[in-house]
Amino acid sequence: MSTAPKRYQLTPEQIALSEERKAKKLKNPAIHQNNDAGRIIDRCWIPTQPHQSGQQSDQRVKVFTWNVCARFLDFCGFQSDVYSPHQLLAQCLVRRELFPTSNCLKASQREQMLYRELLSSQADILCLQEVDRLEKIIPALNKAGYAYHYAAGPGKKHGCLIAFKEQLYTMISTKTILYDVEEVRNDGDDAARRGRSFDTKNIGSMVSLQSNTKGKAEGVIVATTHLFWHPRYTYERARQAGILVRETNKFRKELDVEHWPCIISGDFNFAPDDIAYSLLVGDSILPEQKDTLSPSYVVHRSVDPSVPRDPKPDAGEGNEESGDPDKVITSARAATPSDGLLSRTELSEFFTRIPRLRSAYDVGLAKVKDLGDLQTFGSRATLASDRRGRHEPEYTSYTYYWKTTLDPADRQSSVVALLSPHRTKDLERGLPQAGVSSSDHVSLAAEFRWSKRQVE
């Protein structure tokens, strides 16, 4: 009596490999749709230290930021790391006159590129700015295993989105900061205590994420933002940046998780040689930075309606949807002491009371001995060798954005790897550009590691 031939049995290793391949396809379905339409420039990860360094018990997280149109910071105690993000370029902001060299301004031209860039880094956490068309992006994120939190300023058609792998984290709480109502001093009336120069409707958004793999005692605080865009409102941008760090640190204290690291990312709209950058990282203020700050001590008619409207094109009442950023301040008057704006000395003192930040890209790229043809900010800008910011990417918007960390006092963070910045020659035709990037900002990502908390 004959027996049926015995079927070949896969080894456990072969079964595991097969399942891993299936899982990757399921996690990133959008990437496999119309590969040619979704083509972007491939960017490798740059290791900044040996891959096997650290302990198995260390907490590691890979964070991606983009200003779909941004920059990256992390802080863990009283020292922080500053890193760079990316912005998505909300479709409601797309206008041909603002991007004359782009060949992919229609949503249908950008959609597959956007999905590919979002998911190809396989980040644990995504921090996005200028996000709209949620009915499109959310299903793609859900299929890839991400949950999310979205927040927008009053009347804004786009906002900030933080997404995280559901397998790795559980969202415990959220907080939204409306910069227009946050106070920066204790004296004076309501307007003076806020000390603002413009009602911008910009926000900061933050979440607390509890680890699903390292125990409930472990987790991370994540914040993202989009600061005021107008290039001449230097004071207002610095004010908002300081408020973001203050409120993120307060959020961590209120939750009684001061041993959790914090990661801050966003579209900060300033470069490494800006006074706000120097204040965040603890560098001294340069004379040229003071010169740039002084003209921004104004009060716009959005704060004081008695200010007459300038006949020149206005700055859009704080809304970049109205057109290209103006090069001059309009519809504003000089600030007076009763307006409550922080003087230069008070602004510096404000930043001494909040944690200091470090930049992931500035710290990480400084450790890389050979960058090849990659250029850094210090390659094109005059920065003294002792100034922070020299090793930031040369361009992140061809606009600036970044990512930082705040480390708990008993845990030191390190940057394990960075997503390679774009080469300058790839950006020469301007962004967005088919085959390069779907946004006018460059996405950035970093992998962080924190030592295991020492329990006494």
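Refer to the preceding data block for the structure.
What counts, and where the lines are drawn
- Residues numbered from 1 in each chain as written.
- Predicted model: local features only at pLDDT ≥ 70, side-chain atom pairs only at ≥ 80, totals over all residues.
- Heavy atoms only, no water.
- Buried < 20%, exposed > 50% of the residue type's maximum accessible area, 1.4 Å probe, protein only.
- Helix = DSSP H or I, 4+ residues; strand = E, 2+ residues; numbered from the N terminus.
- Arc of directions from axis to C-beta.
- Contact = heavy atoms within 4.5 Å.
- 1 Å grid on protein atoms, 1.4 Å probe; cavity = no way out; pocket = protein on both sides within 12 Å on 5 of 7 lines; lining within 4 Å.
- Points joined across faces, edges and corners; volume = space filled by probe spheres on them.
- Nonpolar A, V, L, I, M, F, W, Y, C, P; charged D, E, K, R; others polar.
- Pairing = 2+ DSSP bridges.
- Salt bridge = Lys/Arg side-chain N within 4 Å of Asp/Glu carboxyl O.
- Phe/Tyr/Trp six-rings, centres within 6.5 Å; stacked < 30°, edge-to-face > 60°.
- Expected span 1.5 Å × (residues − 1).
- Axes fitted to C-alpha atoms, helices over the stretch in contact; angles between N-to-C directions.
- Polar contact = N/O pair within 3.5 Å; in protein donor to acceptor, adjacent residues only side chain to side chain.
- Parallel < 35°, antiparallel > 145°, perpendicular 65-115°, else oblique.
- Left-handed = near helix turned anticlockwise from the far one by under 90°.

Asker: Help me understand helix α8 (residues 344-352) in this model?
Answerer: Every α-helix carries 3.6 residues per turn, so stepping three or four residues along brings you back to the same face. Listed in full, the buried residues belonging to α8 are Leu347, Phe350 and Phe351. Projected onto a plane normal to the axis of α8, the buried residues spread over an arc of 95° and lie on a single side. Of the residues in α8, the exposed ones pointing more than 90 degrees away from the buried face are Thr345 and Thr352. Residues of α8 that are buried make contact with α5 (234-254), α6 (275-281) and α7 (287-293).

Asker: Mind showing me how you'd approach empty space enclosed by the protein here?
Answerer: Over the atoms rolls a probe the size of a water molecule, and in doing so it shows where empty space is left. Empty space within the second largest cavity amounts to approximately 80 Å³. In this structure, the second largest cavity is lined by eleven residues; those nearest its centre are Lys156, His158, Asn202, Ile203 and His226. Along the lines of polarity and charge, the residues of the lining of the second largest cavity split into two nonpolar, five polar and four charged.

Asker: Which parts of the structure should I look at to understand the pairing of strand β15 (residues 413-419)?
Answerer: Within a regular beta strand, the side chains point alternately toward one face of the sheet and then the other, so they alternate between its two faces. Within β15, seven of the seven residues are buried, leaving the element largely enclosed by the surrounding structure. Direction of pairing for β15 relative to strand β16 (residues 444-450): antiparallel, over a ladder of five bridges. Each bridged residue has a counterpart across the sheet, and for Leu418 the counterpart in β16 is Ala446.

Asker: What exactly am I supposed to notice about unusual backbone geometry here?
Answerer: The phi torsion of most residues other than glycine is negative, and most of the peptide bonds are trans. A positive phi angle, close to 55°, is found at Glu130, a residue other than glycine. By the secondary structure assignment, Glu130 is in strand β5 (residues 125-131). One non-glycine residue, Ser331, lies in the positive phi region at around 50°. Assignment of secondary structure puts Ser331 in the loop between β12 (298-300) and β13 (332-334). The exposure class of Ser331 is buried, given its relative accessible area of 2%.

Asker: Would you explain the pairing of strand β10 (residues 219-226) in this entry?
Answerer: By the criterion of burial, β10 is predominantly enclosed, with eight of the eight residues buried. Here β10 shows no split at all, with Gly219, Ile221, Ala223 and Thr225 on one side and Val220, Val222, Thr224 and His226 on the other all buried. In the sheet, strand β9 (residues 203-211) pairs with β10 via seven bridges, with the strands oriented antiparallel. Within β10, the residue paired with Val207 across the bridge is Val222.

Asker: What exactly am I supposed to notice about the pattern of salt bridges here?
Answerer: Pairing is possible between side chains that carry opposite charge, provided their charged atoms lie close to one another. Counted under the stated rule, the structure contains 15 salt bridges. For Arg193, the salt bridge goes to Glu183, with nearest N and O atoms at 3.0 Å. Placement of Arg193 in helix α4 (residues 190-194) and of Glu183 in the loop between β8 (169-178) and α4 is noted, with a sequence separation of ten residues between them. The exposure class of Glu183 is partly exposed, given its relative accessible area of 34%. One salt-bridge network, in which partners are shared between bridges, spans Lys175, Glu182, Arg246, Glu247 and Lys250.

Asker: Before we go on, may I ask you to explain the packing of aromatic side chains in this structure?
Answerer: Aromatic ring pairs are reported here in terms of the distance separating the ring centres and the angle at which the planes meet. Under the criterion given, the structure shown has nine aromatic pairs. Ring centres of Phe228 and Trp229 lie 5.9 Å apart, and the angle between their planes is 65°; on these two criteria the pair is classed as edge-to-face. With relative accessibility at 0%, the residue Phe228 sits in the buried group. Relative accessible area serves as the criterion here: at 9%, Trp229 is assigned to the buried category. Ring geometry for Tyr235 and Tyr297: centres 5.1 Å apart, planes at 40°, overall tilted. Remark: Tyr297 occurs in the loop between α7 and β12 and Tyr235 occurs in helix α5; sequence separation between them is 62 residues.

Asker: Whenever I open this one, α5 confuses me. Can you help?
Answerer: Taking 1.5 Å of rise per residue, the 21 residues of α5 would be expected to cover 30 Å, and the 30 Å separating its terminal C-alpha atoms lies within 8% of that figure. Where burial is concerned, most of α5 is hidden: 18 out of the 21 residues are buried.

Asker: It is not clear to me how the sheet that holds strand β1 (residues 45-47) should be interpreted in this structure. Could you clarify?
Answerer: Backbone hydrogen bonds are what pair the strands of a sheet, in a parallel or an antiparallel way. The sheet built from seven strands is open, its strands ordered β1-β15-β16-β2-β5-β7-β6 with mixed pairing. Of all the strands in the sheet, the pair left with one neighbour each is β1 and β6 (146-151). Taking each pair of neighbouring strands and ignoring which way they run, the sheet shows an average axis angle of 25°. Strand direction decides the pairing type here: β1 and β15, joined by three bridges, are antiparallel. In the sheet register, Pro47 faces β15, and the bridge partner there is Ala417. In this fold helix α3 (residues 134-143) packs onto β5, β6 and β7 (159-165), with an angle of close to 150° to the strand it touches most, β6.

Asker: Could you clarify how one ought to interpret the side chain of Asn249 in this entry?
Answerer: Position of Asn249 among the secondary structure elements: in helix α5. A polar side-chain atom of Asn249 sits 3.0 Å from a polar atom in the side chain of Arg252.

Asker: Before we go on, may I ask you to explain the packing of α5 against α8 in this structure?
Answerer: Geometry of a packed helix pair, given as the angle between the helix axes and the separation of the axes. For the pair α5 and α8, the least separation of the axes is 10 Å and the interaxial angle reads 20°. By the angle between their axes, α5 is roughly parallel relative to α8. For the pair α5 and α8, the sense of crossing is left-handed. Here Tyr235, Ala238, Gly242, Ile243 and Arg246 of α5 lie close against α8, whose contacting residues are Leu347, Phe350 and Phe351. The residue inventory of the contact of α5 with α8, partitioned by class, reads six nonpolar, one polar and one charged.

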